[in-house]
Amino acid sequence: MPKSVLFILVLPFFFGACIKNQVSSKSITATETLKEKCRMNPPWVTIQMPESGFASIDPIGESECMDSLAGKWKRYAGKSYDLMLVLDGPGGSGRYWNNAVGVVKKEDLAPARGICFEASTIGWRNLQGFEKGGLPWAEDLNGDGDPELIIWDGFPLNDDEDTPDTPYVGLMAWVYRTGDGEKFDLDWEMSRKFAARIAVEYHKSLLGMDTSMKMIREKAAFALETFAKEGCI
């Protein structure tokens with residue numbers, strides 16, 4: 001058989017092997033670089049304000065807005081708007097909060113409409129402190145002069161989510177921004193920065209802390225730092 005013909009017959013097998021090797025290499029690389037699922041997930045990505053009155057945003061719809069909000073509002077002044085919150089908690093074994101939120105102008109004494117939600121801060125039991133104070137629910141986090149809404153939520157620290165254990169719950173804070181007061185949007189960047197702040201608190205030693213509690217706190221800190229550095233999805 002002429003050498004030229006033999007070369008033509010062998011050529012497709014040669015390139016086929018090369019292509020197969022390239023595909024396999026890419027597949028392995030993609031698999032190795034996949035990120036793990038984050039332990040925490042935001043309760044809401046966008047929160048729409050009602051046209052009038054107060055509406056619960058809890059997904060299961062079991063909780064209702066408080067009957068009387070008068071006189072309970074706490075004002076967080078801003079440059080473009082003021083954020084007003086009713087903070088009712090913590091209560092019960094899950095350290096539950098029943099909060100209400102409204103956006104007002106400077107001249108308004110109280111919001112005419114807003115949203116309410118239930119939140120659990122059971123993770124406080126292994127945090128026990130945040131920057132020498134309690135948990136903030138509103139704060140100007142980006143320095144623009146207007147307060148952002150902060151919603152605290154728990155996330156599992158045990159690997160088996162089907163068997164949750166109270167000590168194995170970490171605390172995460174989700175940051176929501178608003179412009180015109182019509183809705184609140186989750187801000188991923190500010191949430192990541194806030195997660196890093198919480199991680200610092202988990203790294204601190206507590207008086208009389210045993211080995212078990214130290215392990216729980218370090219696991220929470222690691223999860224928060226991983227999220228803050230975009231190391232998980």
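*Asks:* Describe in detail the state of the cysteines, supporting the description with residues and values.
*Replies:* The tally for this structure, following the rule as stated, stands at two disulfides. Residue Cys 65 pairs covalently with Cys 116 via a disulfide, S to S 2.1 Å. Torsion about the S-S bond of the Cys 65 and Cys 116 cystine: about -90°, corresponding to left-handed handedness. Here the residue Cys 65 occupies a position in the loop between strand S2 (53-56) and strand S3 (74-76), and Cys 116 occupies one in strand S6 (residues 113-120), the gap between them amounting to 51 residues. A residue is classified by how much of its surface remains accessible, and Cys 65, at 18% relative accessible area, is buried.

*Asks:* Could you give me a rundown of the nonpolar core, with the residues and numbers involved?
*Replies:* Ranked by internal contacts, the top residues of the largest apolar core, which has 48 residues, are Met 40, Leu 83, Phe 117, Trp 152, Tyr 176 and Leu 224. For Met 40, the residues in contact, after removing those within four places along its chain, are Phe 155, Met 172, Trp 174, Ala 223, Leu 224 and Phe 227. Listed in part, the nine residues of the second largest apolar core include Cys 65, Leu 69, Ala 100 and Val 104.

*Asks:* Before we move on, can you summarise empty space enclosed by the protein with the specific residues and values?
*Replies:* Under the criterion given, the structure shown has one cavity of 30 Å³ or more. Estimated volume of the largest cavity: approximately 40 Å³. Glu 64, Asn 98, Asn 99, Cys 116 and Phe 117 are, among the ten residues lining the largest cavity, the residues nearest its centre. Breaking the lining of the largest cavity down by element, the ones donating at least two residues are strand S5 (96-104) and S6. In terms of residues, the lining of the largest cavity owes the most to one element, S6, which gives three residues. Each residue belonging to the lining of the largest cavity can be placed in one class, and the counts come to four nonpolar, three polar and three charged.

Definitions and limits used
Residues numbered from 1 in each chain as written. Predicted model: local features only at pLDDT ≥ 70, side-chain atom pairs only at ≥ 80, totals over all residues. Heavy atoms only, no water. Disulfide = S-S within 2.5 Å. Helix = DSSP H or I, 4+ residues; strand = E, 2+ residues; numbered from the N terminus. Buried < 20%, exposed > 50% of the residue type's maximum accessible area, 1.4 Å probe, protein only. Core = buried A, V, L, I, M, F, W, Y, C linked by side-chain atoms within 4.5 Å. Contact = heavy atoms within 4.5 Å. 1 Å grid on protein atoms, 1.4 Å probe; cavity = no way out; pocket = protein on both sides within 12 Å on 5 of 7 lines; lining within 4 Å. Points joined across faces, edges and corners; volume = space filled by probe spheres on them. Nonpolar A, V, L, I, M, F, W, Y, C, P; charged D, E, K, R; others polar.

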